[in-house]
Every structure is written in structure tokens, then in C-alpha cells.
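Observations on the three-dimensional arrangement
The lines below spell out each chain.
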Amino acid sequence: MTIFTPDALHNPYPAYQALRAAGPLHWCEEFCGGAWVVVNYDDVAEVLRDPRYSVQRAGGWVNSSGAGSAEELREFKRIFARSLIFMNPPRHTRMRHGMNGGFKPGAIQAFAPRIAGIVDALLDRIVEEGLDLHGPGGQHTFDFMREFARPLPARVIAGMMAVQTNAQTDFVGWSDDIAAFIGSPTPTLDIARRAQHGLLAMHAYFRELVPQRRAQPGDDLVSQLIAAEAEGQIVTEKSLLAQCCTLLFAGHETTRNLLGNGLHALLSHPDQWALLTREPGLMRSAVRELLRFDSSVQYTGRRLREDVVLHGQTMKKGDLVIALIGAANHDPSKFTAPERLDVTRNEGHHLSFGFGPHVCIGASLTYLEAEIALRRVMERLPQLQCVATEPAWSGNSVYRGLLELPVRFTLPASRSSARNAAQVEAVAPV
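Residues numbered from 1 in each chain as written. Predicted model: local features only at pLDDT ≥ 70, side-chain atom pairs only at ≥ 80, totals over all residues. Heavy atoms only, no water.

1. A word on the overall build of the protein chain
Stated formally: By definition, any uninterrupted DSSP run of H or I lasting at least four residues is a helix, any uninterrupted run of E lasting at least two residues is a strand, and each is numbered from the N terminus. What the globule rule says is 2.2 Å times the number of residues to the power 0.38, and the radius of gyration is computed from C-alpha atoms. When accessible area is computed with a 1.4 Å probe and restricted to protein chains, residues below 20% of their type maximum are described as buried, those above 50% as exposed, and intermediate ones as partly exposed.
The helix and strand tally for the protein chain stands at 19 helices and ten strands. The globule rule puts the C-alpha radius of gyration for 430 residues at 22 Å, and the 22 Å found for the protein chain is close to it. For the protein chain, the spread of C-alpha atoms along the three principal axes comes to 65 × 60 × 40 Å. A buried classification covers 57% of the 430 residues belonging to the protein chain.

2. Section: the sheet that holds strand β3 (residues 53–54)
What counts, and what does not: When DSSP finds two or more bridges between two strands, those strands count as paired. Contacts were defined at the residue level, with two residues in contact if any of their heavy atoms lie within 4.5 Å. As a rule, the C-alpha atoms of each element are fitted with a line to give its axis, helices using only the stretch in contact, and angles between N-to-C directions run from 0 to 180 degrees.
If you walk across this open sheet you meet the five strands as β1-β2-β8-β5-β3, and the pairing is mixed. Single-partner strands in this sheet number two, and they are β1 (25–28) and β3. Bridge analysis of β1 against strand β2 (residues 35–38) gives four bridges, and the strand direction is antiparallel. Across the sheet, the residue bridging to leucine 25 is valine 38, located in β2. Of the strands in this sheet, β2, β3, β5 (299–304) and β8 (320–324) are in contact with helix α3 (residues 41–49), which crosses β8 at around 130°.

3. Let's talk about the confidence of the model for the protein chain
Our working rule: Confidence of the predictor at the level of single residues is given by pLDDT, which spans 0 to 100.
Averaged over the protein chain, the pLDDT score is 90; the fraction of residues at 70 or greater is 93%. Here residues 424–430 is a poorly scored stretch, pLDDT under 50, and it has 21 contacts once near neighbours within four places are set aside; other chains count.

4. As for the pattern of salt bridges
Going by this rule: One side-chain nitrogen of Lys or Arg within 4 Å of one carboxyl oxygen of Asp or Glu is enough to make a salt bridge.
Evaluated as defined, the whole model comprises 25 salt bridges. For arginine 214, the salt bridge goes to glutamate 237, with nearest N and O atoms at 2.8 Å. Taken as a pair, arginine 214 in helix α12 (residues 189–215) and glutamate 237 in helix α14 (residues 237–268) lie far apart in primary sequence, 23 residues in all. For glutamate 237, a relative accessible area of 34% puts it in the partly exposed group. A cluster of three or more residues bridged by salt bridges with shared partners is formed by Asp120, Asp124, Arg376, Glu379 and Arg380.

5. Some words on the environment of leucine 19
By secondary structure assignment, the location of leucine 19 is in helix α2 (residues 13–22). Measuring from C-alpha to C-alpha, the distance between leucine 19 and isoleucine 3 comes to 8.4 Å, with 16 residues separating the pair along the chain. Filtering out sequence-adjacent residues up to four positions away, leucine 19 remains in contact with Met1, Ile3, His26, Val37, Val39 and Leu324.

6. Regarding the sheet that holds strand β10 (residues 406–410)
Hydrogen bonds along the backbone pair up the strands of a sheet, which may run parallel or antiparallel. Strand order in the open sheet formed by three strands is β4-β10-β9, and the pairing between neighbours is antiparallel. Two strands close off the open sheet at either side, each with one partner strand: β4 (139–143) and β9 (385–386). Here β4 pairs with β10 via five bridges, running antiparallel. Opposite histidine 140, over in β10, you have phenylalanine 409 as the bridge partner. Along the sheet face, helix α8 (residues 112–134) touches β4 and β10 and points at about 130° away from the line of β4.

7. Brief notes about unusual backbone geometry
Residue proline 89 is joined to proline 90 through a cis peptide bond whose omega torsion reads 5°. Its place among the elements puts proline 90 in the loop between α5 (74–81) and α6 (91–99).

8. Remarks on helix α15 (residues 270–278)
Quick reminder of the rule: What the arc describes is the spread of directions from the helix axis to the C-beta atoms.
Along α15, the residues that are buried comprise Gln272, Trp273, Leu275 and Leu276. For α15, the angular spread of the buried residues around the axis is 160°, confining them to a single face. Residues of α15 that are exposed and point more than 90 degrees away from the buried face comprise Pro270 and Arg278. Those residues of α15 hidden inside the fold are in contact with α14, α16 (283–293) and α18 (363–380).

9. A closer look at the packing of aromatic side chains
Filter applied, for reference: For Phe, Tyr and Trp, rings pair up if their centres lie within 6.5 Å, where Trp contributes its six-membered ring, and each pair is then called stacked (planes under 30 degrees apart), edge-to-face (over 60) or tilted (otherwise). As a reminder, the over-ring test applies to NZ of lysine and CZ of arginine, requiring each to be within 6 Å of the ring centre and within 35 degrees of the ring normal.
The final tally for this structure, using the stated rule, is 18 aromatic pairs. Judged by centre distance (5.7 Å) and plane angle (85°), the rings of tyrosine 13 and tyrosine 16 are edge-to-face. Linking tyrosine 13 with tyrosine 16, this pair stays in helix α2, spanning three residues, or about one helical turn. Grouping residues by exposure puts tyrosine 13 and tyrosine 16 together as buried. Lying over the aromatic face of phenylalanine 335, arginine 292 brings its terminal NZ or CZ to 5.3 Å of the ring centre. In this arrangement the basic side chain of arginine 400 is found over the ring face of tryptophan 393, its NZ or CZ atom lying 3.7 Å from the centre.

10. Details of the packing of α14 against α18
Heads up, the rule is: Each crossing is labelled by how the near helix is turned from the far one, with a counterclockwise turn of less than a right angle marking it left-handed and a clockwise turn marking it right-handed.
Relative orientation of the contacting elements α14 and α18 amounts to 35°, with a least axis distance of 10 Å. Here the hand of the crossing between α14 and α18 comes out right-handed. Across the interface between the two elements, Gly251, Thr255, Leu258, Leu259 and Leu263 of α14 pack against Thr366, Glu369, Ala370, Ala373, Leu374 and Val377 of α18.

11. With respect to the packing of α5 against α12
Where we set the bar: Should an angle fall under 35 degrees it is taken as roughly parallel, and over 145 as roughly antiparallel, whereas 65 to 115 is taken as roughly perpendicular and any remaining angle as oblique. As a working rule, the residues Ala, Val, Leu, Ile, Met, Phe, Trp, Tyr, Cys and Pro are called nonpolar, Asp, Glu, Lys and Arg charged, and the rest polar, with Gly in that last group.
The N-to-C vectors of α5 and α12 enclose an angle of 60°; their axes lie 9 Å apart at closest approach. When the axes of α5 and α12 are compared, the pair comes out oblique. When you trace α5 past α12, the crossing you get is left-handed. Touching Arg74, Glu75, Phe76, Ile79 and Phe80 of α5 are Ala192, Ala195, Gln196, Leu199, Leu200 and His203, all from α12. Of the residues assigned to the contact of α5 with α12, the class counts are seven nonpolar, two polar and two charged.

12. Remarks on α16
Burial analysis of α16 places nine of its eleven residues in the buried class, the great majority of the element. Those residues of α16 that sit buried are Met283, Ser285, Ala286, Val287, Glu289, Leu290, Leu291, Arg292 and Phe293.

13. Some words on the nonpolar core
What counts, and what does not: Here, the term nonpolar core denotes a set of buried Ala, Val, Leu, Ile, Met, Phe, Trp, Tyr and Cys residues that are joined through side-chain atoms within 4.5 Å.
Within the largest apolar cluster, 139 residues are counted, with the highest numbers of intra-cluster contacts made by Phe31, Phe144, Phe148, Met161, Phe206, Leu324 and Leu384. Sort the elements by how many residues they give to this core and α14 lands first, with 13 residues. Other than its neighbours up to four places away in sequence, phenylalanine 144 contacts Ala149, Leu259, Gly260, Leu263, Val377, Leu405 and Val407.

Written as C-alpha cells, this is what we have:
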């Protein structure tokens with residue numbers, strides 16, 4: 001059985017429907033030599049919260065590249081395995097407690113003006129470029145992914161970690177290579193090598209930065225991790241460096257895809273775009289619905305710590321289990337007409353940020369970024385339209401996102417009106 005065919009990478013939801021119709025549990029050779037695949041909401045939620053399903057699987061993942069035992073990938077496995085996302089309790093519980101401080105609602109909300117400033121700076125540049133090319137009142141086409149969705153979350157997480165802005169291009173490139181590894185059901189040796197290069201480069205960057213922060217701590221996330229280390233919640237510097245890499249990678253990889261997927265969904269449903277334009281107070285529920293409708297994370301994996309019987313089938317200790325989050329978010333037993341985008345939907349809880357003890361630590365930040373960004377885009381570019389009927393998807397089976405999203409809008413009648421639009425206050429509560 002192959003789930004992620006070329007057609008499914010473009011639109012996986014019909015494949016998920018067919019899989020659900022065929023049964024709730026499937027064995028699939030597509031994932032690292034074989035895995036159990038669960039598709040229903042309740043089963044996916046159970047896999048995500050039940051401690052019998054272990055997140056400690058980094059070594060086997062790297063080994064699946066075909067040369068995971070080779071000396072050249074040893075350090076990659078070591079750093080990868082130290083990440084919070086591959087830790088089981090009680091180590092996970094202790095370390096997550098130490099990292100939570102930077103993601104409390106108050107700390108996230110305090111960063112809202114900075115996010116709004118970055119959003120407006122990006123939109124200012126887009127509008128000014130259009131005015132320079134076409135003049136007031138003309139139409140301007142730009143790639144939303146390149147000009148907005150990619151740089152915004154990279155700048156936000158870089159600001160929260162107080163890392164050099166001139167290194168952001170490197171961070172994005174390194175993250176892309178790591179994402180390609182994570183998003184490959186069975187990664188090749190070449191994909192693993194590129195991911196190792198990206199992770200080691202990121203690790204080396206923080207190895208130089210951490211001593212500087214020890215000498216001059218601030219209120220940034222790296223300094224907070226150092227404080228957690230001093231309190232014993234992070235036990236070694238190696239572990240601290242791994243969490244720095246995790247936050248930098250996770251802090252923008254999925255957010256940029258949420259922005260791209262979300263805008264594409266709204267522009268493809270003009271009635272929903274119009275509704276949000278009229279009632280911007282719906283933005284919070286709209287972001288939740290966009291995460292459900294086309295999740296930027298389509299699945300995650302677990303390793304069984306013991307034999308588990310599910311739907312009459314015995315899954316053996318050590319087996320890989322794939323939880324199809326994208327399928328769970330479209331389960332008709334949980335969501336009425338799940339294939340319909342409805343920004344007023346008030347039922348169920350999407351699983352795009354996970355569930356249970358490993359729910360995404362940065363979920364509040366992602367919500368805040370998306371609410372501010374999409375609201376400001378709608379305020380300043382209300383006539384935005386997609387240019388391409390079939391945009392280019394990345395082909396990553398885990399991190400669903402667009403390579404590009406060409407959009408067009410009508411420019412303001414004058415430069416002064418563009419400046420006035422930029423001064424509208426952005427309000428986006430967590």
C-alpha cells in the first residue's frame with residue numbers, strides 16, 4: 001500500500017477518505033520498512049497521548065536511510081535524539097517544564113507588537129515594490145511564500161531567540177534540509193546527509209552563541225534555556241544545544257506552511273474570505289479551522305513500547321505506528337462535513353498541534369502569528385486573488401506546504417493611502 005502518491009502529495013484528503021473506508025488500521029510498507037497506520041480521530045488521539053506509544057525513535061529513523069549505523073551519521077543521530085520531541089517522560093516532563101517559561105501566554109502576548117511590526121514591514125515592502133513597478137491604482141503580482149510566509153516566522157523566532165538577523169537565510173536553508181529528512185517516509189542516504197549538514201551547522205551556531213548568552217543573559221529564549229539548565233531542568237549543555245536547534249527549526253517550519261495553506265484555502269473559498277473581511281473578529285476561530293482543514297503537519301510516528309491490540313490486530317513491541325493527523329482532522333465522526341471550510345465552525349478540536357503530553361509547546365505563538373498576519377493581509381490587501389489555479393506543493397509528506405503562491409492585488413490610489421493603511425492598529429489576542 002502506498003498512501004503518498006504524487007496525486008496524494010498534491011491533495012491527500014481523498015486518499016485519506018479511501019483509507020478510512022477500507023478500515024481503521026493498515027499495515028503499510030511505505031514508512032521505514034513497514035508501519036501500522038491509524039486514520040480515525042479517536043485512534044490518532046490515543047496514539048498521541050498513550051505512553052505505550054513511544055516518541056523515542058530518532059535512531060531507528062536515521063538508520064532507515066540505509067546507512068544509519070555508518071560513522072558519518074553518528075553525530076546526527078545523537079543530536080536528533082536529544083531533542084525534546086524524541087523524549088519520553090519523565091525526562092520530557094522535566095525538560096518541557098524548564099522550556100515553558102518563554103511560551104506562557106503573557107510572554108507570547110508581550111511579543112505581539114514586534115510581530116505586528118514585522119508583518120507591516122513585509123507588507124510595506126510588497127506594496128512599495130508594486131507602486132514602483134506599476135504606479136498607484138495598478139495591479140501587482142507577488143509570491144506570497146517567498147515575500148511573506150517564509151521570512152515572517154523566521155524573523156519572529158530569530159527575534160525571540162535574539163539570534164543574528166543576517167543568519168536567517170542560513171537558518172531557513174538548514175531547516176529545509178532537516179524538514180526534507182523528516183518528511184520522507186523512508187529517507188535516502190543523500191537526504192540524511194543534507195539533513196545532518198543542516199543540523200550540525202545549526203548546532204555549531206548555537207555552540208558559539210550559548211557562551212555569549214551565559215556571560216550576558218537577556219530575556220530571550222536561549223537565555224531562558226540557560227536558566228533552566230542552571231535549575232537542573234536541562235541537565236547538560238549538549239541537551240541545551242539540541243533544544244536551541246529544536247526551537248529554531250520548529251519555530252518557523254510549520255508556521256510558514258500554515259500561512260501559505262491558510263491563505264490558499266481562504267482565497268479558494270471567496271465566501272469565507274469575504275466573511276472574514278466583514279467580521280475580522282472571527283479570525284481566531286478561522287485560524288483553528290484553517291489548521292484543521294489543511295494541516296501543515298500531516299502525520300507523526302511512534303514506536304510501541306509493548307504489544308498493543310487495536311481493532312483486533314496485535315501490534316508488536318518495537319513496531320512503528322503512523323498517526324495520520326490530516327486524516328483525523330477530516331474524520332466525519334468528529335467534524336460535520338469535514339471537507340467544507342467553515343471559519344465559524346465551533347466543534348471538535350483539531351490535532352494539528354498534537355495531543356497529550358507532547359502537544360506543541362509553541363502553539364500559542366503560532367496562533368498569534370497567524371492571527372496577526374492574516375488579519376493584516378486582509379486589512380491591507382482586501383482584493384487579493386490567487387494567480388495560479390494549481391499552485392506548486394512542496395511534495396513533503398509530513399510538512400504539507402506550498403513552494404510558491406502567486407497572488408495579485410490592486411495597489412492603493414496613492415503612496416499616502418498606502419502609508420495610512422500601514423498605520424491601522426493590529427489587535428490579535430492569544
